[in-house]
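Architecture at a glance
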Amino acid sequence: MTVPGIGPLVPTAFVASAGNASQFRRAKDLAAWLGLVPREHSTGGKTTLLGISKRGNHYLRRLLIHGAGSCVLNVLPIAWVRG
């Protein structure tokens, strides 16, 4: 709630969409379910990255992307000043 760009709307939508997220083994599995990173399929020591899907909750993905953009815009001017 205190992160700029992430208000009460994003966590509420996240919990409504993914529940408590206990069905995901890793955070990357959750991100792949949302369609933010490629799925991974590994057999015999050979890693295969599958494509980024557009599955999952489109509204939640949009909220996360806009929130991340807002966070970057809030941090970027501070990084330029400290330079």
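Preceding this section is the structure that the text describes.
Here is a short report on the structure shown in this document.

Reading the values: rules and limits
Residues numbered from 1 in each chain as written. Predicted model: local features only at pLDDT ≥ 70, side-chain atom pairs only at ≥ 80, totals over all residues. Heavy atoms only, no water. Helix = DSSP H or I, 4+ residues; strand = E, 2+ residues; numbered from the N terminus. Buried < 20%, exposed > 50% of the residue type's maximum accessible area, 1.4 Å probe, protein only. Pairing = 2+ DSSP bridges. Arc of directions from axis to C-beta. Phe/Tyr/Trp six-rings, centres within 6.5 Å; stacked < 30°, edge-to-face > 60°.

**Considerations on unusual backbone geometry**
What you tend to see is this: most non-glycine residues have negative phi, and most peptide bonds are trans. A positive phi angle, near 65°, is found at A21, a position not held by glycine. Within the secondary structure, A21 sits in the loop between α1 (9-18) and α2 (27-34). Since its relative accessible area comes to 21%, A21 is described here as partly exposed.

**Structural notes on the pairing of strand β1 (residues 40-43)**
In this structure, β1 lies alongside strand β2 (residues 46-49), joined through 4 bridges in antiparallel fashion. Bridge pairing links S42 to T47 in β2. Counted along the chain from β1 to the antiparallel partner β2, the turn is 2 residues long, and its residue G44 has a positive phi close to 60°.

**Re the environment of A68**
Mapped onto the elements of the fold, A68 is located in helix α3 (residues 58-82). Among the residues examined, A68 registers a relative accessible area of 40% and is labelled partly exposed. Separated by 62 residues in the primary sequence, A68 and I6 have C-alpha atoms spaced 8.2 Å apart.

**Quick notes on α1**
Along α1, the residues classified as buried are V10, A13 and A18. For α1, the angular spread of buried residues about the axis comes to 105°, placing them on one side. Those residues of α1 that are exposed and aimed more than 90 degrees away from the buried face are T12, V15 and A16. G19 lies just past α1 and shows a positive phi near 70°.

**A few points about the packing of aromatic side chains**
As enumerated under the stated definition, the model contains 1 aromatic pair in all. On the numbers, 5.5 Å between centres and 50° between planes, the contact of F24 with W33 is tilted. For F24, a relative accessible area of 16% translates into the label buried. A residue is classified by how much of its surface remains accessible, and W33, at 26% relative accessible area, is partly exposed.

**Comments concerning α2**
Turning to α2, its buried residues are L30, A31, A32 and L34. Two residues or fewer past α2, G35 is found with a positive phi of approximately 90°.

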